[in-house]
Protein chains: 2
Amino acid sequence: MARFNINGTVCNTEMKKILSAYRLRPEGLKELEGKYKIVLPKDKSHFTKEEVMQLIPDFEVFIPAFNFYTDKEIIDRGTKLELISNYGVGFDNIDVDYATKKGIAVTNIPYSVTEPTAEFAFGLLLATARGIAYYDRKIRTPEGVSWGMYGEAGLPVFGKTLGIIGMGRIGQALARRAVASGMKIIYHNRRRLDEAIEKLYDAGYVSLETLLKEADFVSLNVPSTPETIRMIGEEQLNMMKPTAILINTARGNVVDEKALVKALKEKKIWGAGLDVFENEPHISPELLELDNVVLTPHAATKTVEYRHNMAVEMVRNIIGFYEGTYPVSRVNRLNDR
Amino acid sequence: MARFNINGTVCNTEMKKILSAYRLRPEGLKELEGKYKIVLPKDKSHFTKEEVMQLIPDFEVFIPAFNFYTDKEIIDRGTKLELISNYGVGFDNIDVDYATKKGIAVTNIPYSVTEPTAEFAFGLLLATARGIAYYDRKIRTPEGVSWGMYGEAGLPVFGKTLGIIGMGRIGQALARRAVASGMKIIYHNRRRLDEAIEKLYDAGYVSLETLLKEADFVSLNVPSTPETIRMIGEEQLNMMKPTAILINTARGNVVDEKALVKALKEKKIWGAGLDVFENEPHISPELLELDNVVLTPHAATKTVEYRHNMAVEMVRNIIGFYEGTYPVSRVNRLNDR
């Protein structure tokens with residue numbers, strides 16, 4: 001059997017070769033052992049685009065993640081590419097249309113990210129409304145924080161209305177938490193959910209405008225698509241209550257960040273909890289100065305265990321794609337070509 | 001009808017006179033209008049002990065709150081006192097035994113604080129585990145925070161075990177939230193709950209030792225009593241998992257704060273979310289330096305709306321006590337004398 005060399009390692013040519021842009025921990029990749037050859041960055045967290053461009057001609061599978069953008073150039077250079085197995089549920093980091101044209105399958109991982117993301121979104125909601133992050137920050141400064149009856153008070157959550165924009169898996173997992181916390185649910189979605197699902201959360205389907213006007217909390221749980229990019233701008237922020245809080249764990253570009261900064265500074269809305277930003281890892285410097293916002297570094301799925309589970313789901317997409325032994329979360333259909 | 005003067009205001013002698021240690025907002029006190037005379041601090045948040053000592057001989061009702069300690073001296077001086085109507089559920093700020101001996105009724109407000117406190121406890125749990133408060137603090141510093149795959153990762157909540165010490169109203173309201181968030185519940189209580197309640201949360205009754213050894217999260221929801229003071233000390237902290245998180249929204253003196261600082265510094269436990277402290281508003285300076293703790297200023301019920309609801313419940317204890325038109329949350333029975 002012919003053997004050749006990738007990155008200093010001798011490989012079996014019958015093995016499909018996988019290039020991972022990010023250094024994933026080996027525990028999550030175990031199922032590939034002996035059947036696939038995977039190359040990961042060794043001494044750093046991720047490859048640069050230049051390194052990927054250099055390596056990719058030899059690989060059948062590419063694993064991008066986060067903000068690593070898999071563009072036409074990379075796809076053109078990946079002449080052997082059969083599968084782009086995304087380490088994430090959102091696939092706005094991949095030129096899926098171009099991959100489809102080139103006959104390359106694209107997969108994502110919707111299941112392992114659902115509970116972690118909903119959990120983080122609800123944590124951001126509580127931390128913003130109840131002042132938890134603000135108190136923890138201020139209490140450590142020389143001026144300290146109020147211990148009094150009403151000073152620097154947060155906002156109540158119990159009995160309030162949560163408007164969920166994007167009532168998919170994550171939106172519903174968030175609704176489950178919110179209902180148990182005494183919240184009422186309204187939602188907006190591309191299409192209305194089955195009545196049975198609405199009943200589970202006693203959730204009312206409303207227009208985007210109604211949602212923005214009536215919700216005490218607005219949570220963004222949509223993918224980034226041409227239809228959702230900047231769907232929350234100045235006009236939409238002005239529709240929200242002055243006591244409302246915006247939570248974004250979806251994608252930064254769903255919100256016009258400049259308009260949001262303005263709304264927060266002018267107290268058009270009460271606050272925001274943001275895990276995502278338009279130009280990550282850059283955050284608008286004005287946000288860093290505001291006390292009515294809670295800022296986290298795109299960490300909604302960031303625990304070692306959650307990211308392990310994501311790696312397992314991602315690996316099973318690869319194995320399922322080649323061996324048919326697991327269901328595969330396909331983003332594109334190649335007969336769309 | 002005789003009229004006399006308290007604090008510059010002319011009163012009807014038939015009205016019961018109420019002294020509030022804290023300046024509560026008038027909206028919550030409306031039901032007293034025309035039937036009771038209430039005196040509150042005017043230009044400051046609360047009366048000093050000296051001021052209360054001076055005023056109290058004229059009053060039938062006293063409203064303490066938080067750390068305002070109603071001691072023997074105050075009770076002795078309050079020769080007309082009939083009722084101490086606490087603005088809080090915990091009544092460790094009142095010498096209840098002495099009040100009982102003197103024939104003074106004591107009431108508290110268990111209902112209005114339940115959901116707010118459970119909500120805050122769960123928010124602290126999420127903010128600590130998922131790093132939300134830490135990220136928000138660090139992201140604003142010049143060194144910033146990791147945006148990488150595993151750097152500065154938090155801990156998962158979904159699928160983990162929450163050990164609730166004190167499974168009363170607040171403990172159960174916390175359990176409801178935790179179950180909806182995918183957590184398993186174990187609990188320790190003075191006495192085991194009815195099976196029907198256990199089934200609601202699929203909650204297992206365990207010894208304190210088992211709880212400390214098995215829980216990924218330990219939440220304190222007990223009142224401060226001679227039995228619970230410092231119930232969590234070095235020995236108990238050493239029983240906890242190194243990956244465990246302690247949440248305290250009960251009372252600071254339930255935990256040996258010095259032992260907790262040591263455990264956090266030596267990473268005997270992973271972290272803590274603390275809303276209460278042994279010597280409020282003083283916090284052990286070492287806690288302020290630690291990154292594995294989230295610190296809030298006894299704010300579990302602090303929103304204007306929640307504190308309004310608390311005032312209404314407290315006022316109804318007074319009205320119920322004198323007029324029998326509301327149920328009264330009595331802390332003591334006067335035939336215990």
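Predicted, not measured: the structure shown is a model, and the values here were computed from it.

### A few points about the environment of K241(B)
With respect to the element layout, K241(B) can be found in the loop between helix 9 (234–239) and strand 12 (245–248). Remark: the alpha-carbon pair of K241(B) and I269(B), spanning 28 residues in sequence, is separated by 6.2 Å.

### Here's the deal with the pairing of strand 12 of chain B
Residue and element names in this part refer to chain B. The side-chain alternation of strand 12 yields two buried faces, one formed by I245 and I247 and the other by L246 and N248. Bridging between strand 11 (residues 217–220) and strand 12 involves four bridges; their strand directions are parallel. Within strand 12, the position partnered with S219 by the bridge is I247. Tracing the backbone out of strand 11, into helix 9 and back to the parallel element strand 12 gives a crossover that is right-handed. Between the parallel elements strand 12 and strand 13 (residues 271–274), the chain passes through helix 10 (residues 257–265) in a crossover that is right-handed.

### A word on the domain arrangement of chain A
Residue and element names in this part refer to chain A. Assigned domains within chain A: domain 1 (3–112 + 304–336) and domain 2 (114–295). Averaged C-alpha coordinates put domain 1 and domain 2 at centres separated by 33 Å. Taken together, the contact between domain 1 and domain 2 spans six residues of the former and seven residues of the latter. Looking at the side of domain 1 that touches domain 2 residue by residue, the class counts come to three nonpolar, two polar and one charged.

### Quick word on the packing of helix 4 (residues 114–129) of chain A against helix 4 (residues 114–129) of chain B
Where helix 4 of chain A contacts helix 4 of chain B, the axes come no closer than 9 Å and their chain directions differ by 120 degrees. In terms of orientation, helix 4 of chain A lies oblique with respect to helix 4 of chain B. Crossing angle aside, the handedness with which helix 4 of chain A passes helix 4 of chain B is left-handed. The segment helix 4 of chain A lies against helix 4 of chain B, with E119(A), F122(A), G123(A), L126(A) and A127(A) engaging E119(B), F122(B), G123(B), L126(B) and A127(B). Considered class by class, the residues forming the contact of helix 4 of chain A with helix 4 of chain B number six nonpolar, two polar and two charged.

Cut-off values and rules
- Residues numbered from 1 in each chain as written.
- Chains lettered and ligands numbered in written order.
- Predicted model: local features only at pLDDT ≥ 70, side-chain atom pairs only at ≥ 80, totals over all residues.
- Helix = DSSP H or I, 4+ residues; strand = E, 2+ residues; numbered from the N terminus.
- Buried ≥ 20, exposed ≤ 12 C-beta atoms within 10 Å, placed from the backbone.
- Pairing = 2+ DSSP bridges.
- Right-handed = clockwise from strand over helix to strand, strands pointing away.
- Domains from an automatic or database assignment.
- Contact = placed C-beta atoms within 7 Å.
- Nonpolar A, V, L, I, M, F, W, Y, C, P; charged D, E, K, R; others polar.
- Axes fitted to C-alpha atoms, helices over the stretch in contact; angles between N-to-C directions.
- Parallel < 35°, antiparallel > 145°, perpendicular 65-115°, else oblique.
- Left-handed = near helix turned anticlockwise from the far one by under 90°.

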